[in-house]
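Letter by letter, the chains look like this.
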Amino acid sequence: MSASVAGATKKKRLTHVDCMRGMACILMFQGHAYDSWLGGPARFSAVARWSHFASTLAATSFLFLTGFSLALSAESMARRGAAPGAVVSAAVRRGAQILLFALVFRGQEFLWRT
């Protein structure tokens, strides 16, 4: 296999989408940290309110970017000649994996609080 063929088969990442998703994650972590670690009057400060507002925007933008990435992935698979069933199967498999991770993290949080 030549170097040009190997380079052509390498996956291309959209760096700006990854950066926006990373920034959304950082804002979500920051919002959760403020929510978990602040108590009393500090919970009602202007900084805490802005933190909560930013974390709600981060969650919605992260979900939007996740859907956008899924659409790009499905389009890429279809362009490479994958059958429609394979595209749907890959999307469902990835969604199930993310759901499983979410349930594990929530279960862990539940166990820590009890």
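Right above here is the structure, for reference.
Here goes a summary of the coordinates provided. It should be emphasised that the depicted structure is a prediction, and the values quoted were computed from it without experimental measurement.

With that out of the way, let us pick up the layout of surface pockets. Here the largest pocket is characterised by a volume of approximately 2,100 Å³. Every residue lining the largest pocket is counted, 45 residues in all, and those nearest its centre are Arg21, Phe62, Thr66, Arg94 and Ile98. Where the lining of the largest pocket is concerned, the elements lending two or more residues are helix H1 (3–9), helix H2 (15–37), helix H3 (46–79) and helix H4 (84–113). Class assignment for the residues of the lining of the largest pocket results in 21 nonpolar, 10 polar and 14 charged.

As a further point, take the packing of aromatic side chains. In the structure shown here, the tally under the stated rule is two aromatic pairs. On the basis of an interplanar angle of 85 degrees and a centroid distance of 5.8 Å, the ring pair of Trp50 and Phe53 is categorised as edge-to-face. Separated by three residues within a single helix, Trp50 and Phe53 lie in helix H3, roughly one turn from each other. Residue class for Trp50 comes out exposed when judged on its relative accessible area of 60%. Judged by its relative accessible area of 44%, Phe53 falls in the partly exposed class.

Our focus in this paragraph is the side chain of Ser51. Tracing the sequence through the fold places Ser51 in helix H3. Within polar-contact distance, the side chain of Ser51 engages the side chain of Gln30 at 2.8 Å. Each residue touching Ser51, except ones within four places of it in the same chain, is listed here: Gln30, Gly31 and Tyr34.

Under the criterion given, the structure shown has four salt bridges. With its nearest N and O atoms 2.7 Å apart, the salt bridge here joins Glu75 to Arg79. Here the residue Glu75 and the residue Arg79 both occupy positions in helix H3, the gap between them amounting to four residues, near one helical turn. Overall, Arg79 belongs to the exposed group, its relative accessible area being 60%. Between Glu109 and Arg106 there is a salt bridge; the shortest N-O distance is 2.6 Å. Taken together, the positions of Glu109 and Arg106, both in helix H4 and three residues apart, correspond to about one turn of that helix. Linked through salt bridges whose partners overlap, the residues forming this network are Arg106, Glu109 and Arg113.

Quick notes on the rules
For every chain, the first residue of the written sequence is number 1, and numbering continues from 1 onward in sequence order. Under the rules for a predicted model, residues below a pLDDT of 70 receive no local features and side-chain atom pairs below 80 are neither given nor counted, while totals for whole chains, interfaces and linings still include all residues. Working from all heavy atoms in the structure, the side-chain values ignore hydrogens and water. A pocket, in this scheme, is an open set of points on a 1 Å grid over the protein atoms alone with protein on both sides within 12 Å along at least 5 of 7 lines, while a cavity is a set where a 1.4 Å probe fits but cannot get out; residues line either one if an atom lies within 4 Å of a point. Grid points are joined across faces, edges and corners, and a volume is the space filled by probe spheres set on the points. Under the scheme used here, helices are H or I runs from DSSP no shorter than 4 residues and strands are E runs no shorter than 2 residues, and both carry numbers assigned from the N terminus. Note on residue categories: nonpolar means Ala, Val, Leu, Ile, Met, Phe, Trp, Tyr, Cys or Pro, charged means Asp, Glu, Lys or Arg, and polar means any other residue, Gly included. In this analysis, rings of Phe, Tyr and Trp, with Trp reduced to its six-membered ring, are considered paired at centre separations within 6.5 Å, and the interplanar angle assigns stacked below 30 degrees, edge-to-face beyond 60, and tilted for intermediate values. Per-residue accessibility, obtained with a 1.4 Å probe over protein chains only, is compared with the maximum for each type, and a residue is labelled buried under 20%, exposed over 50%, and partly exposed between these values. We define a polar contact as two N or O atoms separated by no more than 3.5 Å, with the added condition that, inside protein, one atom must be a possible hydrogen donor and the other a possible acceptor, whereas residues neighbouring each other in sequence contribute only through side-chain atom pairs. Every residue pair with non-hydrogen atoms within 4.5 Å of one another is taken to be in contact. The working definition used for a salt bridge is a side-chain nitrogen of Lys or Arg within 4 Å of a carboxyl oxygen of Asp or Glu.

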